[in-house]
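Residue-level listing of the chains:
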Amino acid sequence: MSAPKGKMVSFTIDGQQHQVSVGAASDGSTAPVTASTSLADYLRDQCGLRGTKVMCRGGMCGACVVTARVTDPATGQTEVRAVNSCLAPVHNCQGWQIETVQAIGDRKAGYHPAQSRLAQMNGTQCGYCSPGMVMSMYSLLESGEAVTPQSVEQHLDGNLCRCTGYRPILDAFKTFVPEADEKTQQIIKDIEDVAPSGSKAGLCAKKCSGGGGGGCVGCPRTARLASDGAEKWSYPTSLAELCAIIKANPADKTLKLVRGNTGTGVYHDAGQPDGYVSLLKVPELSQVTQTSSALTLGAAVSLSRVIEEFQKLSSTAGFGHFSDMASHLLLVANTPVRNAGSWAGNLMLKQTHGDFPSDVFLLLAAAGGRLQIADEDAATTEISVEQLLSEDMARKVIVSVTLPTLDETKYVFKSYKITPRAISAHAYVNAAFVLPLDASFTVVEKPTLLFGGISADFVHAANTEAFLEGRSLTDEQTVQGALAALQAEVVPTPDPAEADPAYRRSLACALLYKVVLRVLGDQVPAPLRSGGEDLTHPVSSGTQQFDTDQTLWPVNKAVPKLEAQAQTSGEAKYTGDEPAEPDELVAVYVQTTIANGKVASVDTSAALAVPGVAGYVSAADIAGVNNICSYGDTVEELFTSGQVLYYGQAVGLIVADTYRAARTAAGLVKITYTDVQPPVLTIKDALKKQGGSATTTPAAKTTSKQGVRQVIGEFSIGGQYHFTMETQTVRAVPRDDDQLDLFSATQDMRDVNKVVSQITTLPMHKINMSVRRLGGGYGSKLQHPSRVASAAAVAALTVNKPVRLVLDIRTNMTLLGGRLPYLIQYQAEADETTGKISSLQIKFTADAGAVGYAADDTSLALDTVTNVYEAEGWQTEGTAVLTNTASNTWCRAPGTVQGVSGIECVMDHLAHELGMDPWALRQANFFGPDTKFRKGGNRATDYDVFMQMVTEMFSEADIDARKADIAQFNQDNRWRKRALSLVPVRWPILLFARYPTIVSIFKDDGTVAVSTGGVEMGQGLNTKVAQVCAKVLGIPLELVSVKPNMNIINPNGDATGGSVGSDMSSLATKAACEEMNERLAPFKAEGRAWADVVKRAFNLGVNLTAYHYQKPILTPYNIFALAAVELEMDVLTGQYRLNRTDLYEDAGQSLSPAIDIGQCEGAFIMGMGLHLGEENRYDTETGRKLTDSSWNYYVPSSKDIPTDFRVKLIKNNDNPIGIFNSKDAPGTVEKAQTACQLSPEMFVIS
Ligand SMILES: Cc1cc2nc3c(=O)[nH]c(=O)nc-3n(C[C@H](O)[C@H](O)[C@H](O)COP(=O)(O)OP(=O)(O)OC[C@H]3O[C@@H](n4cnc5c(N)ncnc54)[C@H](O)[C@@H]3O)c2cc1C
Ligand code: FES
Ligand code: FES
């Protein structure tokens, strides 16, 4: 592939030729492309290909994945790879052939099997992650690599999904494994029958020889776009040319060498260089050469290729250690990042940022890598990988690395990477060891012990290396001495954004001990041996069990979601996907940089001078009331009028013609502050500030009652970021007649409507709203959209132009709060023989954040704290405090999760105190047939349903036998432990919401359109509504279409939340359809076909539109669930794995079982994230939230899910209230290890 001519880059997108060249746009306006424009922005903004999504813009979420065919300049071969279009600069795509989700299949051409299988097997909920998932799978299929269950899971390691819990996605894609069993083949056949796959959709048909140059109908003309940054890019085609470019660069100008540009995913604030040099066309940098004594890798060789080379060579003598290195590299970043990112780019990140816990650096350094470096005169020198850290790399380029062979008979090579989640996470601590050993395990020369994640300077554990030399590892004294030396020299730098220094030091020692156990193998007692093994994550699988009653179909039938196919093909449009109006502006927030104080002044002069900036709006521009709360007495300002309540609070909004201009300008707004106070960031600090007691009474057993034991304790459940793949998004478009079209991604249209009205003074009826779908909600789109929509509305009305406001992930995470953190304090007494609780006081204190809008969250905790227990005499209390953090809000199962966790913690604590089996203690406290719950009542069947669930679980999940096995396993293993936890849940649901619904029949063809008060956000509301509508009207499901929620139909409806959206919308639909049935009854009685019935009815004056306003049903009822979770933990590191999970839910007569199963799985995994991984960290000095991106906030990945995940909807439970008898429904790695209170003295070998 030749370099581009002059200053032009060309590539194909979906078969069409694109050229981006230097200059202004054809109309003379600012060029649409800049030097740093990403491929994602190019696709979405310049090509209108909005099937490709963006979220994190950092290579972590995978929403933006596309397939790229790239020719290797050294071999001339074309590789097919998944890449993150958010990280790839469009100017670095020279010669690429790019395919997007919209080109591989669509409704006209037919869907690609990856699209149809994902859709038909319920692999989508909100669907925002789906295009990226499809493209990762498509890339694997096109790459020619063998498709195995392992490769499918591996290739999806860069795609996050917050809704589904991954199991259905993995299942759908594993159907591509050629050796599919009979059942899978039948599934594939069924899917093909429903959705036959077609030819590629948007691809050029190549009917002429123009290669996209135009000339035939099927061959689109070359798209030409101007770039005001093209001249900044260079494309050398040889090393000599590259060095010449470096030499010619003026000393005062910065030049960035670019391979994958993935480094910007880690260090996003690195600033804009003056020039860029693409390394992709330099053959010398892409070469891989092997001799019998070494492997040499060019600097632009991607990490994926490095892994492949290592795997190929690992069975060759001298290269055996490459096997371990390849396995380690598979844990670096994720597939799309490794496809684009180079090892040399990684080393340079380490070179520039000493504290970067680079895995690549550790591995290459431990393997004795030698770097070839060229200077601007093309003179090369060789240095060790370690020397790079102190090398002045200005005006130099890494050319290659040479890795020598290692004598496997003498050296043991082993590396570790301990992370907060299974994949796609940077290390807490990583290590690489090379131990030269003789047959008696004596360390015959100085070993290599390298560590990352400790401090910017610490690499070698030099003292420990020296200590070990000449000593035998079989000697207890050696191990203890080495651990003592290591403990003394490892001094981790405190970093509030990272794990605690004590943990990192403990981990470093544990890793050294681990490698010793591994090396010694059978030499150590059997119980210690598993301590030397890695905790791996095998391929996962799952089963789903539910009953279906065919007489009720299409209700109760497992159908795919209505919009699934549109989601997986990228055809489904979300709020931010709508094209811009010609004069549309983009807005970016200006946020505070203190957490507690006052704004003294805001200087916007520099910001307003940025070309393209249209204005700045702030509190002064609010015509109405500066309050985003729509009810109660709580006031939260849209833009601060002076008081600063948290770091990241909104001060104003910059509006500009491009995001780039708005972002630049927002960064130039100068804010000064007065009266700056230390921030209050935790519940305990807030309680102290209020003068209250933040401590629980000491854990002494003060009871004097005979035969009664007491426990006193407390525990915290932290906050949780909702992590919707679609961030907060709104477009505000002023219209004639003082109207405003508002496209808000909201779960609560009425709230947005009301708040925008109170802030702008526009009457509510002048605000036109409609919500098609959300890319995830989980509660984050209940209150927060009102804030974002009002800001956009104020801006749009001020500048009198359409304004688009799409929050980037950092603004989303810092401007807005998440789940309320809780402190739960309790004191309980129980009979020491029976375990029956005789008294309990439990107090829930929630952190509402800056204002108390969601402070009533604790009332839900109080509703659920009694869970499945007889709670006579229990004293419960709920309260909330304010802190200098963003206002928190409801998040999936708000309050409930803390209520249930609170009491279950008490149960476990009591069981431990009494030495009882935890389940036996629970059983002793179960509710009975006559128990009356505070909320949820207790219907006659409740007890039976719950007991049926328990009995089935014990028998089907083999609980008793597995408990015995686990006890034995724990006895046999000192450093690996298993546990089986059984947790019951009762959730009292109240169908509180009011939803209006309209059902219209088209008389000409008998099709039916429905619009409900509920919002579709992935929970399958539209599908359930359609099923109910079809059932009640007695028509095929295909005749029903569900339309967006609109405020003309639904001006006063409630929010979609509290798990009642689907039920209440279905109930309203049912009532509207029943009314319609009454009108149509005479015509149906004539025995006519449906189409004739409606035609005749219309002709005789029947109104074919029915409207039903569904009132709340204020009798709560109980839903039960039971989970048995088996977890295995590596005590030395804190890593864990869920070996098996059995999850039963009583869904009554499920309206749509496949959808309900999906909800159970997704909710379980989100709960797992809350309890086992997700954590907010703040800078205690400034109050800044440090976990503000996907780089440092970890939601579960597809490798964290249970290895064996069994979900069952309990059958045959009737429920007279629900519709058709339906019912809707962190201990981190660091903390787990810390809780084990390890100390090196425990690390024995005998
Ligand atoms: C989401 C994500 C997760 C990650 N997780 C991990 C992880 O777990 N462990 C880990 O070790 N790394 C991790 N990384 C880092 C990743 O490995 C690097 O981003 C990647 O290897 C950089 O390669 P690149 O080709 O994209 O470099 P670029 O981004 O193109 O360049 C990075 C820097 O290196 C310079 N450079 C590039 N090539 C040369 C050269 N030949 N000579 C001199 N300078 C050069 C560039 O000018 C630039 O300053 C992660 C990255 C991301 C985005
Ligand atoms: S948007 Fe590209 S990986 Fe998240
Ligand atoms: S379906 Fe995956 S994020 Fe919603």
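Residues numbered from 1 in each chain as written. Chains lettered and ligands numbered in written order. Predicted model: local features only at pLDDT ≥ 70, side-chain atom pairs only at ≥ 80, totals over all residues. Heavy atoms only, no water.

**Quick notes on the state of the cysteines**
Okay, step 1: Within this structure, the stated rule accounts for zero disulfides.
Okay, step 2: No disulfide involves Cys-891; its sulfur sits 12 Å from the nearest other cysteine sulfur, which is in Cys-163. (Disulfide = S-S within 2.5 Å.)

**Side note on the sheet that holds strand β36 (residues 1040-1042)**
Okay, step 1: Spatial ordering of the open sheet is given by β36-β35-β34-β38, a layout of four strands whose pairing is mixed. For this open sheet the edge positions go to β36 and β38 (1105-1110), each flanked by a neighbour on one side alone. Looking at each pair of strands side by side, their axes are set apart by 20 degrees on average, direction ignored.
Okay, step 2: Sheet analysis places strand β34 (residues 995-1001) next to strand β35 (residues 1008-1011), joined by four bridges and oriented antiparallel. Directly across from Ile-998, in β35, lies its bridge partner Ser-1011.
Okay, step 3: Across the sheet, helix α33 (residues 1061-1084) lies against β34, β35 and β38, angled at about 40 degrees from β34, the strand it touches most. (Pairing = 2+ DSSP bridges. Helix = DSSP H or I, 4+ residues; strand = E, 2+ residues; numbered from the N terminus. Axes fitted to C-alpha atoms, helices over the stretch in contact; angles between N-to-C directions. Contact = heavy atoms within 4.5 Å.)

**Let's talk about the packing of aromatic side chains**
Note on aromatic pairs: each is described by the distance of the centres and the angle between the planes.
Okay, step 1: With the rule as written, the count across this model stands at 30 aromatic pairs.
Okay, step 2: Judged by centre distance (4.9 Å) and plane angle (80 degrees), the ring pair of Tyr-128 and Tyr-574 falls under edge-to-face. Taken together, the residues span a long stretch of sequence, with Tyr-128 in the loop between α3 (113-120) and α4 (130-143) and Tyr-574 in the loop between α20 (564-568) and β19 (585-591) at a distance of 446 residues. Neither residue differs from the other here; Tyr-128 and Tyr-574 are each classed as buried.
Okay, step 3: Ring geometry for Tyr-267 and Phe-356: centres 6.0 Å apart, planes at 70 degrees, overall edge-to-face. You can see Tyr-267 sitting in the loop between α9 (263-266) and β9 (275-278) and its partner Phe-356 sitting in the loop between α14 (343-352) and α15 (359-366), a full 89 residues away along the chain.
Okay, step 4: Overall, Tyr-267 belongs to the partly exposed group, its relative accessible area being 22%.
Okay, step 5: A relative accessible area of 7% means that Phe-356 is categorised as buried.
Okay, step 6: One aromatic cluster in this structure is built from Tyr-869, Trp-874, Trp-919, Phe-926, Phe-927, Phe-933, Tyr-943, Phe-946, Phe-954 and Phe-1120.
Okay, step 7: Over the ring of Phe-176 we find Arg-117, and its NZ or CZ is 4.1 Å from the ring centre. (Phe/Tyr/Trp six-rings, centres within 6.5 Å; stacked < 30°, edge-to-face > 60°. Buried < 20%, exposed > 50% of the residue type's maximum accessible area, 1.4 Å probe, protein only. Lys NZ or Arg CZ within 6 Å of the ring centre and 35° of its normal.)

**Topic: helix α17 (residues 476-489)**
Owing to its 3.6 residues per turn, the α-helix brings residues three or four apart onto one side.
Okay, step 1: Here α17 spans 20 Å end to end across 14 residues, near enough to the 20 Å set by a 1.5 Å rise per residue.
Okay, step 2: The N-terminus of α17 is capped by Asp-475, whose side-chain oxygen sits 2.9 Å from the backbone nitrogen of Gln-477. (Expected span 1.5 Å × (residues − 1). Polar contact = N/O pair within 3.5 Å; in protein donor to acceptor, adjacent residues only side chain to side chain.)

**What to know about the domain arrangement of the protein**
Okay, step 1: Partitioning the protein into domains gives domain 1 (8-207 + 215-223), domain 2 (236-400), domain 3 (409-534), domain 4 (575-593 + 604-679 + 721-815), domain 5 (944-984 + 1117-1176 + 1215-1222 + 1236-1246) and domain 6 (995-1111).
Okay, step 2: Here the C-alpha centre of domain 3 lies 26 Å away from the C-alpha centre of domain 2.
Okay, step 3: Contacts between the two partners involve 21 residues from domain 2 and, on the opposite side, 24 residues from domain 3.
Okay, step 4: Taken together, the two surfaces of domain 2 and domain 3 that pack against each other cover about 1,600 Å², and 61% of this comes from carbon and sulfur.
Okay, step 5: Here domain 2 is connected to domain 3 by two salt bridges.
Okay, step 6: For Lys-414, the salt bridge is made with Asp-324, and the minimal N-O distance between the two is 3.3 Å.
Okay, step 7: Inspection of the region where domain 2 meets domain 3 yields nine residue pairs in polar contact (both at pLDDT 80 or more).
Okay, step 8: Counting residues per element, the ones that place at least two in the side of domain 2 that touches domain 3 are α12 (321-329) and α15.
Okay, step 9: For the side of domain 2 that touches domain 3, the leading source of residues is α15, giving six residues.
Okay, step 10: Split by residue class, the side of domain 2 that touches domain 3 holds twelve nonpolar, five polar and four charged. (Domains from an automatic or database assignment. Buried area = accessible area lost by both parts, 1.4 Å probe. Salt bridge = Lys/Arg side-chain N within 4 Å of Asp/Glu carboxyl O. Nonpolar A, V, L, I, M, F, W, Y, C, P; charged D, E, K, R; others polar.)

**Examining the nonpolar core**
Soluble, globular proteins show a tendency: their nonpolar side chains are buried together.
Okay, step 1: Met-133, Phe-173, Phe-451, Leu-473, Tyr-513, Trp-975 and Phe-1243 are the most contacted members of the largest nonpolar core, which totals 108 residues.
Okay, step 2: Considering each element in turn, this core owes the most residues, 13 residues, to helix α18 (residues 501-520).
Okay, step 3: Contacts of Met-133, omitting those with residues within four sequence positions, involve Leu-118, Leu-156, Asn-159, Leu-160, Cys-161, Tyr-166, Ile-169 and Phe-173.
Okay, step 4: The next biggest cluster of nonpolar side chains, apart from the first, holds 54 residues, and it includes Leu-782, Val-865, Leu-982 and Ala-1124. (Core = buried A, V, L, I, M, F, W, Y, C linked by side-chain atoms within 4.5 Å.)

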